[in-house]
Amino acid sequence: MLYLHIINMILHNFVDLKLSCVVIFQCWPHEVLSHFSMAAANHQLYAQYANLDGPKALEDLTYAYLRYRRPKIGIFLDMNCNQSEKVITETSRIRFFNQHYHWLIYDERSDMSRFYRLFRNSNLSVDTDLTFIVPREDQEPDGAHFMAFDVYNNGWLQGGKLNISTNYELECRAGRCYKSKYITDLYKRSVGGNREALRDITMRVAVVVTKYDLNSPPEEINKFLLTQEDFHIDPLARLGYQVMILLLESLYTKVTYTYYDRWTDVEYTGGVVGALVNETADLTSSPFFMTTNRFRYLSALAATGDFRSVCMFRTPRNSGMHGGVFLEPFSTKVWLLFGCILLLAGVLLWLAFIMEHSEMKRYIRTYVPSLLTTCLISFGSACAQSSFLIPRSWGGRMAFISLSIITFIMYNYYTSVVVSSLLGSPVKSKIKNLRELADSDLDVGLEPLPFTHTYLNFSTLPDVKHFVRRKILSKKTADNLWYSASEGITKMRLKPGFVFVFETSSGYNLIERLYDAHEICDLNEILFRSDSMLATHLHRNSSYKEIVRTKIIRILESGVHSKHRRQWVRTHLNCFSNNFVINVGLEYTAPLFLMLLCGYGMVLFLVLLEVMWYRWEMRVQRSTGGN
């Protein structure tokens with residue numbers, strides 16, 4: 001009757017885990033197999049059977065039995081069969097002892113030494129879901145007792161040792177099984193909570209360092225990455241390394257480092273990304289971009305950083321004349337209406353002077369100004385100029401006072417708007433995106449970063465391709481194209497109109513060190529590439545995904561990551577309105593001098609025209625008088 005209890009034990013294990021697809025590696029008699037098949041069908045279990053006593057039992061093991069793409073598959077292995085050791089060896093080779101397969105291994109001989117010998121060098125991992133069950137020696141006639149052991153390895157490839165922990169006791173009676181006793185407190189925690197300390201392995205970590213000599217001793221490189229000075233030098237790599245140290249300390253693991261000078265060569269090859277893809281590294285020191293092609297090999301665990309690359313330049317002061325600022329206070333309709341009011345005022349003044357001369361005899365006026373003169377008086381009032389001709393009548397003076405009040409209000413409003421627009425805030429460029437920058441005549445320089453090279457070479461965005469054609473390929477030599485962060489930002493300060501492309505985590509720190517407050521307010525910023533989140537990745541088949549994800553989330557929730565991020569990454573520049581100095585350049589004053597020059601030119605032309613007209617009249621008079 002023991003085989004009935006074994007069948008119930010197997011079904012209880014799989015049904016308790018809510019599995020629907022199982023594979024049974026067995027060497028049972030036909031009647032036992034038939035009884036199990038009926039019982040599995042009653043529990044709605046889809047079962048596939050492999051007879052280990054058959055000559056072709058192990059042919060194409062992966063395709064025949066383990067090819068199903070399900071969240072989890074249950075696998076039972078009877079260690080009392082002749083070829084059970086070959087199954088274990090083959091499964092270890094193809095790395096199927098992982099979280100996607102729940103292994104239930106049974107040995108009726110309760111031979112722990114044999115089990116340890118077989119699994120000591122098997123490729124088990126920290127996420128292995130393997131339960132080893134043996135019958136207890138003191139069995140009862142009406143029931144069966146089994147001991148269950150939790151088996152895993154923190155990482156056989158990383159030097160881990162086999163771990164076998166007593167879990168619980170299972171009792172089967174009257175066609176049902178239940179856990180009669182918990183031997184340890186493993187059930188109180190999740191699988192990850194039971195295996196979060198990786199003390200017996202050595203994890204391989206790929207470290208990226210872009211601004212340090214990789215031929216230096218590892219101690220010097222690590223010291224550089226841990227220092228809290230010069231925040232503008234390799235901030236992303238140093239931030240990632242210091243957060244990674246917190247992660248490794250929480251895992252209690254030993255570490256070996258491999259150093260790289262870049263994140264990647266082409267998306268998922270080379271650098272630390274390539275090391276993670278080809279599984280020569282278990283962790284990377286810094287997060288990186290999530291892309292479609294990388295998801296074929298990697299899994300993103302948590303967003304632990306952000307990336308921002310910008311084009312920045314100071315507003316050029318000689319980029320052409322901007323006379324529109326003197327017309328912007330009023331719209332076209334207001335300017336036309338104001339001109340009509342001045343013209344009407346000139347007509348009214350002219351009529352007032354005529355009335356005073358012809359009808360009001362008490363006002364002795366031998367001179368009556370022309371309509372052009374009164375219009376000139378009206379225009380002079382708008383320009384805050386006085387007049388040598390003032391009406392003497394009450395009506396005429398009221399008209400002149402009304403004109404003065406209107407022009408006084410308009411003049412003060414106009415000057416206040418012009419002054420505030422010129423001096424109230426730094427003048428910004430009208431270039432707002434990458435395409436407009438590419439079409440401009442501004443000179444461009446770039447920081448020689450690996451991801452900038454990759455983005456320029458492989459981006460499919462039309463604006464980026466246009467930028468490369470106009471600003472990169474058009475350069476005859478690369479000597480005046482690539483600058484270090486300090487050189488480019490210094491040149492950007494000394495040469496308004498020079499555009500420098502850099503990463504903000506390093507560039508903002510340099511700008512605040514090198515620039516005056518009013519120079520920061522004068523900067524224009526254009527996104528070189530859209531803001532992106534950086535994520536910590538592991539290989540998609542890594543057995544440490546759940547443990548590392550849990551540890552990273554704890555670091556994020558504790559606020560330690562935020563503290564390091566505030567220290568290393570600047571997200572914006574501060575511009576204080578009371579600290580900047582505005583210089584009104586030639587581009588704004590030139591239209592005024594041009595208007596003055598045109599006015600003098602017109603005056604000279606009219607004077608010459610008047611002289612010629614006067615001489616022509618005199619010549620006509622002489623000829624007429626002579627006749």
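Residues numbered from 1 in each chain as written. Predicted model: local features only at pLDDT ≥ 70, side-chain atom pairs only at ≥ 80, totals over all residues. Heavy atoms only, no water.

Bringing helix H15 (residues 462–472) into the picture now. The complete set of buried residues in H15 reads Val464, His466, Phe467, Val468, Lys471 and Ile472. In this structure, the buried residues of H15 make contact with helix H13 (434–439), strand S14 (444–446), helix H14 (450–458) and strand S16 (523–539). (Buried < 20%, exposed > 50% of the residue type's maximum accessible area, 1.4 Å probe, protein only. Helix = DSSP H or I, 4+ residues; strand = E, 2+ residues; numbered from the N terminus. Contact = heavy atoms within 4.5 Å.)

Here we take up the environment of Asp142. Here Asp142 lies in the loop between strand S5 (129–135) and strand S6 (143–153). Sequence separation between Asp142 and Ala174 is 32 residues; the distance between their C-alpha atoms is 7.7 Å. Among all residues touching Asp142, those that are not within four sequence positions of it are His5 and Arg173.

So, about the state of the cysteines. The tally for this structure, following the rule as stated, stands at two disulfides. Here Cys27 pairs with Cys81 through a disulfide, and the sulfurs are 2.1 Å apart. Looking down the S-S bond of the Cys27 and Cys81 bridge, the torsion is -95 degrees, so its handedness is left-handed. Linking Cys27 in the loop between strand S1 (21–26) and helix H2 (30–42) with Cys81 in the loop between strand S3 (73–78) and helix H4 (84–93), this pair joins segments that are 54 residues apart in sequence. Under the relative-accessibility criterion, Cys81 is labelled buried at 4%. (Disulfide = S-S within 2.5 Å.)

For the rest of this paragraph, the subject is empty space enclosed by the protein. Counted under the stated rule, the structure contains two cavities of 30 Å³ or more. Approximately 250 Å³ is the volume attributed to the largest cavity. Looking at the largest cavity, it is lined by 23 residues, and the ones nearest its centre are Gly240, Val243, Pro287, Thr304 and Thr536. Every element with two or more residues in the lining of the largest cavity is listed here: helix H8 (235–251), strand S11 (283–284), strand S13 (298–314), S16, helix H19 (545–558) and helix H20 (560–568). Looking at the lining of the largest cavity element by element, the count peaks at six residues for H8. Taken as a whole, the second largest cavity encloses approximately 100 Å³ of empty space. Looking at the second largest cavity, it is lined by 13 residues, and the ones nearest its centre are Asp234, Pro235, Leu449, Phe451 and Glu503. Counting residues per element, the ones that place at least two in the lining of the second largest cavity are H8, H14 and helix H17 (504–514). Grouping the constituent residues of the lining of the second largest cavity by class yields six nonpolar, three polar and four charged. (1 Å grid on protein atoms, 1.4 Å probe; cavity = no way out; pocket = protein on both sides within 12 Å on 5 of 7 lines; lining within 4 Å. Points joined across faces, edges and corners; volume = space filled by probe spheres on them. Nonpolar A, V, L, I, M, F, W, Y, C, P; charged D, E, K, R; others polar.)

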